Amino acid sequence: MSPTPLPPSPRGPHCPPAAQLEAMSAGEAAPEATRTHVEGCADCRGQLEALTTAREAFVRARPPELFLRQLERRAASQPRRGLRWLLPVLGACVPLLALLVLVPRLEQEEGVRIKGGEFRVAASRAGGAPELLGPDAQVQSGDALRFSYEAKEAGHLLVLELDGRGAASVFYPYGSATSAPLPAGQRDFLPGSVVLDDAPGPEWLLAVFSPRPLQAAPLLEALRTQAGRAELTLSCPDCSVSTLRLQKRP
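Conventions and cut-offs
- Residues numbered from 1 in each chain as written.
- Predicted model: local features only at pLDDT ≥ 70, side-chain atom pairs only at ≥ 80, totals over all residues.
- Heavy atoms only, no water.
- Helix = DSSP H or I, 4+ residues; strand = E, 2+ residues; numbered from the N terminus.
- Buried < 20%, exposed > 50% of the residue type's maximum accessible area, 1.4 Å probe, protein only.
- Areas by Shrake-Rupley, 256 points an atom, 1.4 Å probe, with all protein chains shown as cover.
- Pairing = 2+ DSSP bridges.
- Core = buried A, V, L, I, M, F, W, Y, C linked by side-chain atoms within 4.5 Å.
- Arc of directions from axis to C-beta.
- Contact = heavy atoms within 4.5 Å.

- With an unreviewed UniProt entry as reference, the protein chain is termed DUF4384 domain-containing protein, source organism Archangium minus.

Structure, rendered in structure tokens:
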């Protein structure tokens, strides 16, 4: 089943950002002021209902066990070096049209080695089985991405994106201004996923891990200043940064 984009919301300039409605549709907590506004705003309330309905329909069409079987079959059909499956354990929280599924841990495979060896990205596209993405992998508009990050020590994680138009966003925790806590030895794919828009590539994904909470704003600004560069650099005190470049077509 292909994700069907929702029509633009008619919300006004005083309505909360779309990312907050997407988070609410996935059951995430929202500020009291946002909840109050949505309750009294017909446009926002209607958009939230549409997001929730679309998310539920997408999950029904692609249940967790189906995604897991597809990923297992794809991995089994390819040459493997050091591939090891472990028991998947995940919660259930899905942003806008994003498929949340149970996915096992995957050890590094030939061709998908990423700086640091800790950051992994899997894509699920319409009509095809999910797959792990390596450097410069081809992706397209409508692909749903899932993320995994394993650290030896507990800390805090942001997954950032810089697209081909120079726009920078937080992909995990989706739309958040701050990082999410990450336990030591986290082996499963992280809750939630994101669906790629139609901005052409390259598409940069950066996992920023720190022992302390991170603010997204300065890191996003640093990424925007590097739009169009062949290579990206991003640093912050005591941070570990893993980078993956994808090639995206509309």
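Re the overall build of the protein chain
- Secondary structure summary: the protein chain contains five helices and 10 strands in total.
- Taking all 250 residues of the protein chain together, the buried fraction comes to 46%.
- A total of about 11900 Å² of accessible surface is found on the protein chain, and carbon and sulfur atoms cover 54% of it.

Some remarks on the sheet that holds strand β1 (residues 119–124)
- Strands sit in the order β2-β1-β4-β8 across an open sheet of four strands; the sheet is antiparallel. Only two strands of the sheet have a single partner each, and these edge strands are β2 (131–132) and β8 (194–195).
- Inspection of the sheet shows β1 paired to strand β4 (residues 144–149) by six bridges, in the antiparallel sense. Bridge pairing links Val121 to Phe147 in β4.

Description of the nonpolar core
- Phe119, Leu145, Phe147 and Leu157 are the most contacted members of the largest nonpolar core, which totals 24 residues.
- Of all the elements in the fold, those that place two or more residues in this core are β1, β4, β5 (155–162), β6 (168–172), β7 (180–182), β9 (203–210) and β10 (240–249).
- One finds Val208, Leu214, Leu232 and Leu234 within the second-largest nonpolar core, a separate group that totals 16 residues.

What to know about helix α5 (residues 216–224)
- Burial in α5 covers these residues: Ala216, Leu219, Leu220 and Leu223. End-on view of α5: buried residues confined to an arc of 100°, all on one side of the axis. Residues Ala217 and Pro218 are exposed on α5 and point more than 90 degrees away from its buried face.
- Those residues of α5 hidden inside the fold are in contact with β5, β6 and β9.

Considering unusual backbone geometry
- Cis peptide bonds are those with omega within 30 degrees of zero, and the linkage from Tyr172 to Pro173 qualifies with -10°.
- Inspection of the secondary structure assignment puts Pro173 in the loop between β6 and β7.
- A cis amide bond links Gly201 to the next residue, Pro202, at an omega of 5°.
- With respect to the helices and strands, the residue Pro202 is situated in the loop between β8 and β9.
- For Asp136, which is not glycine, the phi dihedral falls at a positive 65°.
- Looking at the element boundaries, Asp136 is found in the loop between β2 and β3 (138–140).
- On the accessibility criterion, Asp136 (32% relative accessible area) is partly exposed.
- Of note, the phi angle at Asp238 is positive, near 65°, even though the residue is not glycine.
- Mapped onto the elements, Asp238 comes out in the loop between α5 and β10.

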